[in-house]
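# Observations on the three-dimensional arrangement
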Amino acid sequence: MSDALALISHLKKFGTLVTFNFKKDPLTKERTGLAFATYLHYDDVNNATTKRTQIVDKLKAPYNSIEVDIFSQKDKKATNKIKLTQV
């Protein structure tokens, strides 16, 4: 299973995903360890962020530890996006 599919599978436990994308370095095209996910409902974000540091079972250490935060927007309105950072 690819890293992306393992991470998506982990995130689907918390609700319905609408979008998911890894950020890549523009020069090297390598993943930066940062990703964003959008859930269908705001409550799904609350479920996903109850535990800030999470272990993705299907990924190998040390790449299986992620930090999950609500993606903050400038206008501070409620959002259904989360930011994932590889720890």
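Located above this text is the structure these notes cover.
Described below are features of the structure shown in this document. Everything numeric in this text was worked out from a predicted model, so none of it was measured. (Residues numbered from 1 in each chain as written. Predicted model: local features only at pLDDT ≥ 70, side-chain atom pairs only at ≥ 80, totals over all residues. Heavy atoms only, no water.)

The secondary structure content of the chain amounts to two helices and five strands. Each helix and strand of the chain, ordered N terminal to C terminal, gives the series α-β-β-α-β-β-β. By the burial criterion, 34% of the 87 residues in the chain qualify as buried. Contacts in the chain between residues at least 24 apart in sequence constitute 43% of all its contacts with a sequence separation of at least 6. For the chain, the accessible area works out to roughly 5,900 Å², and carbon and sulfur atoms hold 53% of it. (Helix = DSSP H or I, 4+ residues; strand = E, 2+ residues; numbered from the N terminus. Buried < 20%, exposed > 50% of the residue type's maximum accessible area, 1.4 Å probe, protein only. Contact = heavy atoms within 4.5 Å. Areas by Shrake-Rupley, 256 points an atom, 1.4 Å probe, with all protein chains shown as cover.)

A few words on the sheet that holds strand 3 (residues 53-55). With antiparallel pairing, the five strands of this open sheet are ordered in space as 1-2-5-4-3. Whereas interior strands pair on both sides, the edge strands pair on one side only; in this sheet they are strand 1 (17-24) and strand 3. Neighbouring strand axes in the sheet, compared pairwise and without regard to direction, differ in orientation by 25° on average. As judged from the six bridges shared by strand 1 and strand 2 (residues 31-39), these two strands associate in the antiparallel manner. Bridge pairing links N21 to F36 in strand 2. Sheet strands touched by helix 1 (residues 3-11): strand 1, strand 2, strand 3, strand 4 (65-70) and strand 5 (81-86). Its angle to strand 1, the strand with the most contacts, is close to 140°. (Pairing = 2+ DSSP bridges. Axes fitted to C-alpha atoms, helices over the stretch in contact; angles between N-to-C directions.)

What follows covers the layout of surface pockets. Size it by volume and the largest pocket reaches roughly 350 Å³. Lining of the largest pocket is provided by 18 residues; of these, D3, F22, L59, Y63 and Q86 occupy positions nearest its centre. In terms of residue count, strand 2 provides more of the lining of the largest pocket than any other element does, five residues in total. Split by residue class, the lining of the largest pocket holds nine nonpolar, five polar and four charged. (1 Å grid on protein atoms, 1.4 Å probe; cavity = no way out; pocket = protein on both sides within 12 Å on 5 of 7 lines; lining within 4 Å. Points joined across faces, edges and corners; volume = space filled by probe spheres on them. Nonpolar A, V, L, I, M, F, W, Y, C, P; charged D, E, K, R; others polar.)

The subject of this paragraph is helix 1. Listed in full, the buried residues belonging to helix 1 are A4, A6, L7, H10 and L11. End-on, the buried residues of helix 1 take up no more than an arc of 165°, which puts them together on one face. Each element contacted by the buried residues of helix 1 is listed here: strand 1, strand 2, strand 3, strand 4 and strand 5. (Arc of directions from axis to C-beta.)

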